[in-house]
Amino acid sequence: MTGPGDVKELVPEFFYLPEFLTNQGNLDLGTKQDGTRLNDVVLPPWASTPEEFVRINRQALESEHVSSNLHKWVDLIFGYKQRGEEAVKAHNVFYYLTYEGAVNLDAITDPVERASVESQINYFGQTPTQLFTAPHPPRHANLPRPLYSPLTEPSGPRAALCSASI
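Every value quoted in this text rests on a predicted model; they were computed, and no experiment measured them.

Student: Is there a simple way to think about the overall build of the protein in this case?
Tutor: Per the secondary structure count, the protein includes five helices and zero strands. When the elements of the protein are put in sequence order from the N terminus, they spell out α-α-α-α-α. Looking at the protein as a whole, 16% of its 166 residues are labelled buried. Counted over contacts in the protein with a minimum sequence separation of 6, partners at least 24 positions apart contribute 50%. Carbon and sulfur atoms make up 59% of the accessible area of the protein, which amounts to about 13000 Å² in all.

As C-alpha cells, this is what we get:
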C-alpha cells in the first residue's frame, strides 16, 4: 500500500459506524494463504474495540491540525493543484483517463478500444470535478464563535414564545 497508484481515502464509516469493522453477518470472507479464516477487521494496536477505533478517528478528523490544514487537501482534490503545473509541483498527477473530460467515449469507434477505456475508468475511478482554480482559503479554526447564530437563537414569531418561557 505504498505504491504511487495507491490513492485510497477513508469512507465516512471510519468516523461514525464501528459496526462496519465487524463481520456481523458471519459472511464467508475466505481465508488467508496460511489457512486463517478472514472475519472481523484486525484493529491497530492503539484501538482495542471498533468503537474506540471510530472515536479516535473522529477526534483526529475534528482536530485543530486537520481543521488548520483542510484547505491544502481541498486544493489537491478539488482545487488548483488538481491539474496543470501546480499539480506537477505537488506530485498530484494521475493517469490521463482519470480526469473528467479527458476522453470522449462516443468518439471511440473501435468496440475493443472503447471497452478497454471504459474498463480502465471503471476500475481506477475518476478524479473529482475541479471546483476551484485559486487556492482555497484556510479555515480560521481559532476564531471565537459568534455570539448569535441563526441556528441556535430563536427568531421570528416563535422568538417571543421562547423568550416568554424563560
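Next comes the rest of the account.
Student: Looking at this structure, I do not really get the pattern of salt bridges. What am I missing?
Tutor: Pairing between side chains of opposite charge can happen when their charged atoms approach one another. A complete count under the given rule lists six salt bridges for this structure. Between R58 and E62 there is a salt bridge; the shortest N-O distance is 3.2 Å. Classification of R58 as partly exposed rests on a relative accessible area of 41%. Between K89 and E86 there is a salt bridge, with the nearest N and O atoms lying 3.5 Å from each other. With K89 and E86 both in helix 3 (residues 84-89), this residue pair falls three residues apart, about one helical turn.

Student: Mind showing me how you'd approach the environment of L43 here?
Tutor: Position of L43 relative to the elements: it lies in the segment before helix 1 (50-61). According to the relative accessible area criterion, L43 is partly exposed, its value standing at 22%. The spacing of L43 and L21 is 22 residues in sequence and 8.6 Å in space, taken between C-alpha atoms. Setting aside chain neighbours within four positions, we find L43 in contact with L21, S48, T49, P50 and F53.

Student: I would appreciate a short explanation of the environment of K81 in the present structure.
Tutor: Here K81 is to be found in the loop between helix 2 (64-77) and helix 3. For K81, a relative accessible area of 24% puts it in the partly exposed group. With 51 residues separating them along the chain, K81 and F132 place their C-alpha atoms 9.2 Å apart. Residue contacts for K81: discarding those within four places in its chain leaves D75, L76, E86, A87, A90 and N92.

Student: What's the story with the nonpolar core in this structure? I'm lost.
Tutor: Note on soluble globular proteins: their nonpolar side chains tend to be buried together. Residues F14, F15, L21, A47, F53 and V54 constitute the largest nonpolar core, which totals six residues. What A47 contacts, discounting residues up to four positions off in sequence, is E52 and F53.

Student: Before we go on, may I ask you to explain helix 1 in this structure?
Tutor: Note that an α-helix has 3.6 residues per turn; residues three or four places apart therefore point the same way. In this model helix 1 runs 16 Å from its N-terminal to its C-terminal C-alpha over 12 residues, within 8% of the 16 Å that 1.5 Å per residue would give. Within helix 1 the residues assigned to the buried category are P50, F53, V54 and N57. Down the axis of helix 1, the smallest arc covering the buried residues is 95°, so these residues share one side.

Student: Can you walk me through the side chain of N57 in this structure?
Tutor: Looking at where N57 falls in the secondary structure, it is placed in helix 1. Here F14 takes part through its backbone oxygen, which lies 3.4 Å from a polar atom of the side chain of N57. Excluding residues within four positions of it along the chain, N57 makes contact with F14, F15 and W46.

Student: Hey, could you run me through a nonpolar patch on the surface in this one?
Tutor: Residues L27, L29 and L38 make up a contiguous nonpolar surface patch of about 260 Å² in total accessible area. Looking at the secondary structure, you find L29 in the segment before helix 1. Since its relative accessible area comes to 44%, L29 is described here as partly exposed.

Student: Would you take a moment to explain helix 4 (residues 111-124) for this structure?
Tutor: Taking 1.5 Å of rise per residue, 14 residues should cover 20 Å, and helix 4 covers 20 Å from first to last C-alpha, within 8% of that figure. Taking the backbone nitrogen of V112 as reference, a side-chain oxygen 3.1 Å away marks D110 as the first, capping residue of helix 4. Phi turns positive one or two residues past the end of helix 4, at G125, with a value near 85°.

What counts, and where the lines are drawn
Residues numbered from 1 in each chain as written. Predicted model: local features only at pLDDT ≥ 70, side-chain atom pairs only at ≥ 80, totals over all residues. Heavy atoms only, no water. Helix = DSSP H or I, 4+ residues; strand = E, 2+ residues; numbered from the N terminus. Buried < 20%, exposed > 50% of the residue type's maximum accessible area, 1.4 Å probe, protein only. Contact = heavy atoms within 4.5 Å. Areas by Shrake-Rupley, 256 points an atom, 1.4 Å probe, with all protein chains shown as cover. Salt bridge = Lys/Arg side-chain N within 4 Å of Asp/Glu carboxyl O. Core = buried A, V, L, I, M, F, W, Y, C linked by side-chain atoms within 4.5 Å. Expected span 1.5 Å × (residues − 1). Arc of directions from axis to C-beta. Polar contact = N/O pair within 3.5 Å; in protein donor to acceptor, adjacent residues only side chain to side chain. Patch = residues over 30% accessible without salt bridge, like charges linked within 9 Å, V, L, I, M, F, W, Y side chains within 5 Å.

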